[in-house]
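Report on the structure
The chain contents come next:
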Amino acid sequence: MTTRRHFLALSLAGASLALLPSDLSPALAQAAPIGSIRVEFARTVTDAWGDNVRLVSAELQRTLAQILGPEFRQGAGNRLVVTVRSLWLASYAGGGGGGKPADGGASNDYLESTVTLYDSHGRALNSWPIMSTELSGGAGAWYLPDVDQRRLKALARNNAYWIKRYVAG
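Residues numbered from 1 in each chain as written. Predicted model: local features only at pLDDT ≥ 70, side-chain atom pairs only at ≥ 80, totals over all residues. Heavy atoms only, no water.

**What about the environment of Ser127?**
Applied cut-off: Going along the chain from the N terminus, every DSSP run of H or I of four or more residues is numbered as a helix, and every run of E of two or more is numbered as a strand. As used in this structure description, the phrase polar contact means that two N or O atoms lie within 3.5 Å; if the pair is within protein, one of them must be able to donate a hydrogen and the other to accept it, and residues adjacent in sequence are counted only when both atoms belong to side chains.
Counting through the fold element by element, Ser127 comes out in strand β4 (residues 124-135). Along the chain, Ser127 and Val81 lie 46 residues apart, while their C-alpha atoms are 9.4 Å from each other. A distance of 3.3 Å separates the side chain of Ser127 from the backbone oxygen of Val115, its partner in a polar contact. At 3.2 Å, the side chain of Ser127 forms a polar contact with the side chain of Thr116.

**A word on the environment of Gln149**
Heads up, the condition is: Whether a residue is buried, partly exposed or exposed follows from its accessible area with a 1.4 Å probe, protein chains only, as a fraction of its type maximum: under 20%, in between, or over 50%, in that order. In what follows, residue pairs with any heavy atoms lying within 4.5 Å of each other are defined as contacts.
Here Gln149 is to be found in helix α4 (residues 147-168). Residue class for Gln149 comes out partly exposed when judged on its relative accessible area of 30%. Considering only alpha carbons, one finds Gln149 and Ala139, 10 residues apart in sequence, at a separation of 9.1 Å. With residues up to four places along the chain from it excluded, the contact list for Gln149 reads Asn52 and Leu55.

**Comments concerning the pairing of strand β2 (residues 78-88)**
A regular strand places its side chains so that they alternate between the two faces of the sheet. This is how it is decided: Two strands pair under a simple rule: DSSP has to find at least two bridges between them.
As defined by bridge partners, strand β1 (residues 34-41) adjoins β2 across 7 bridges and the pair is classed as parallel. What sits directly across from Arg38, in β2, is Val81.

Quick look at the structure:
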């Protein structure tokens, strides 16, 4: 017997599948290896985060080069451009923070980026929006002076792993 709840769930699942792009195959299966990785930042991010963007950029580039493995060969083939659009650290990093505003609200950190893979002629092969979320307390002790830098690095690593998933499968 099909219940109303079951029918609505199936309808929602079908609608979700219809919204997926038809080309879900990894880009690197059809193209040359990635030869360079560039990280850019929206002006609002650089204005808000100042020198911390260098830390995020270095961590993104280092992690991507490491996890892409043989798909990354310096100077060869395609170019990967990561544009960081938004970067946000929760004000509370001491733990769960509760589910209601009275309990401290959400305690997640966010990094939103758009990743575009270009061929050697500068043509965009594919582009993916990426949103990374990390628990604000996940980077270790909140009372240490470098807590924000550790949180930013954790977000950058998280974003890099999502990028690899979309770009290299």
